[in-house]
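Here are the chains, one letter per residue:
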Amino acid sequence: MDGSFPYGLRRAHGALNVFAWGVLLPIGAILARYFRRMDPLWFYLHVGVQLAGFIIGLAGVVAGVALYNKIQADIPAHRGLGVFVLFLGILQVLAFFLRPSADSKYRKYWNWYHHWAGRLALFFAAVNIVLG
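Below is a short write-up of the structure. Note that residues are indexed from 1 along each chain, following the sequence as it is written. Totals for whole chains, interfaces and linings use every residue, but because this is a predicted model, local features are given only for residues with pLDDT of at least 70 and side-chain atom pairs only at 80 or more, for both listing and counting. With hydrogens and water set aside, each side-chain value is computed from the structure's full complement of heavy atoms.

### So, the overall build of the protein chain
Part 1 of the argument: A run of H or I in DSSP becomes a helix once it reaches four residues, and a run of E becomes a strand once it reaches two; helices and strands are each numbered from the N terminus. Within the protein chain one finds four helices and zero strands.
Part 2 of the argument: Ordered by position in the sequence, the α and β elements of the protein chain form the string α-α-α-α.
Part 3 of the argument: Taken across its 132 residues, the protein chain has 30% of its residues classed as buried.
Part 4 of the argument: Residues are treated as being in contact if the distance between any of their heavy atoms lies within 4.5 Å. Here the contacts in the protein chain between residues at least 6 apart in sequence split such that 71% fall between residues at least 24 apart.
Part 5 of the argument: When the accessible surface of the protein chain is summed, it comes to about 8700 Å², and 72% of that surface belongs to carbon and sulfur atoms. The rule is simple: take the accessible area with a 1.4 Å probe, protein chains only, and divide by the maximum for that residue type; under 20% is buried, over 50% is exposed, in between is partly exposed. Reported accessibility uses the Shrake-Rupley method at a 1.4 Å probe radius. Residues are deemed covered only where the shown protein chains occlude them.

### Observations regarding the nonpolar core
Part 1 of the argument: Among the nonpolar cores identified, the biggest contains five residues, and these are Ala 20, Trp 21, Leu 25, Val 85 and Ala 125.
Part 2 of the argument: Here this core gets three residues from one element, more than from any other, and that element is helix H1 (residues 5-34). Side-chain atoms within 4.5 Å link the members of a nonpolar core, which is a set of buried Ala, Val, Leu, Ile, Met, Phe, Trp, Tyr and Cys residues.

### Thoughts on the packing of aromatic side chains
Part 1 of the argument: Only Phe, Tyr and Trp rings are paired, with Trp represented by its six-membered ring, and only when their centres lie within 6.5 Å; those with planes under 30 degrees apart are stacked, over 60 edge-to-face, the remainder tilted. Tallied over the entire structure, the rule returns six aromatic pairs.
Part 2 of the argument: Measuring from ring centre to ring centre gives 5.6 Å for Phe 43 and Tyr 44, while their planes differ by 75°; the resulting arrangement is edge-to-face.
Part 3 of the argument: A relative accessible area of 57% places Tyr 44 in the exposed class.
Part 4 of the argument: Arranged with centres 5.1 Å apart and planes meeting at 75°, the rings of Phe 123 and Phe 124 form a pair that is edge-to-face.
Part 5 of the argument: Consider the ring centre and the ring normal. A charge sits over the ring if Lys NZ or Arg CZ is within 6 Å of that centre and within 35 degrees of that normal. Between Arg 119 and the ring centre of Trp 116, over which it is positioned, the NZ or CZ distance is 4.7 Å.

### Comments concerning the packing of helix H3 (residues 76-97) against helix H4 (residues 107-131)
Pairs of packed helices are described in terms of their axes, by the angle between the two and the distance that separates them.
Part 1 of the argument: Orientation of H3 relative to H4, taken along the N-to-C sense of each, is 150°, at an axis distance of 9 Å. Classified by the angle their axes make, H3 and H4 are roughly antiparallel. Viewed along their axes, H3 and H4 form a crossing whose handedness is left-handed. Every residue of H4 that contacts H3 at Ala 77, His 78, Leu 81, Gly 82, Phe 84, Val 85, Leu 88, Leu 91, Gln 92 and Ala 95 is listed here: Trp 110, Tyr 113, His 114, Ala 117, Gly 118, Leu 120, Ala 121, Phe 124, Ala 125, Val 127, Asn 128 and Leu 131.
Part 2 of the argument: Residues belonging to the contact of H3 with H4 are distributed by class as follows: 16 nonpolar, six polar and no charged. Between N-to-C directions, angles span 0 to 180 degrees; the directions come from axes that are lines fitted to C-alpha atoms, helices contributing only their stretch in contact. Each angle gets one of four labels, with under 35 degrees taken as roughly parallel, over 145 as roughly antiparallel, 65 to 115 as roughly perpendicular, and the rest as oblique. Crossing handedness follows the turn of the near helix against the far one: under a right angle anticlockwise gives a left-handed crossing, and clockwise gives a right-handed one. Polar here means any residue outside two lists: the nonpolar Ala, Val, Leu, Ile, Met, Phe, Trp, Tyr, Cys and Pro, and the charged Asp, Glu, Lys and Arg; Gly therefore counts as polar.

### Structural notes on the packing of helix H2 (residues 41-71) against H3
Part 1 of the argument: In contact at an axis separation of 11 Å, H2 and H3 are set at 145° when each is read in the N-to-C sense. As H2 packs across H3, the resulting crossing turns out to be left-handed. Only Arg 79, Leu 86, Gly 89, Ile 90, Val 93 and Phe 96 of H3 make contact with H2, whose side of the interface consists of Phe 43, Val 47, Phe 54, Leu 58, Val 61 and Tyr 68.

### Section: the environment of Asn 17
Part 1 of the argument: Along the chain, Asn 17 turns up in helix H1.
Part 2 of the argument: A relative accessible area of 11% means that Asn 17 is categorised as buried.
Part 3 of the argument: Once the C-alpha coordinates of Asn 17 and Asn 128 are considered, the two residues, 111 residues apart in sequence, prove to be 9.8 Å apart.
Part 4 of the argument: Once residues within four sequence positions are removed from consideration, Asn 17 is found in contact with Gly 22, Gly 57, Gly 60, Val 61 and Ile 129.
Part 5 of the argument: Of note is the side chain of Asn 17, whose polar atom sits 3.4 Å from the backbone oxygen of Gly 60. Pairs of N or O atoms are called polar contacts if they sit within 3.5 Å, as long as, within protein, a hydrogen donor faces a hydrogen acceptor (for residues adjacent in sequence, only side-chain-to-side-chain pairs).

Here is the structure:
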């Protein structure tokens, strides 16, 4: 491979994750928070944008792992926060599949979890973008 490979991989890792975690996922959260009056459109937009953001972010993580394997960059805070944010993102995807019905007695706990795990993921993703 030529010498530009790690640089291109680094740019791909950064660009994919900035777009996913810094643009799409916050937009999806904004849709859920401020557009509920447009029911059920807000829900489908929220899920669609979040799913696209998660998939693009996952591609960015794969690029980051490949980059780490290639150049052994030692940035433990960035890597650790990235793993934590990815973990929260995976929990959010799983939460979609485990969402109780609207009239379930557990729905208020699910809502609390989903809202706070999402806020934490977006906060730490923003911190990690700055660190990266």
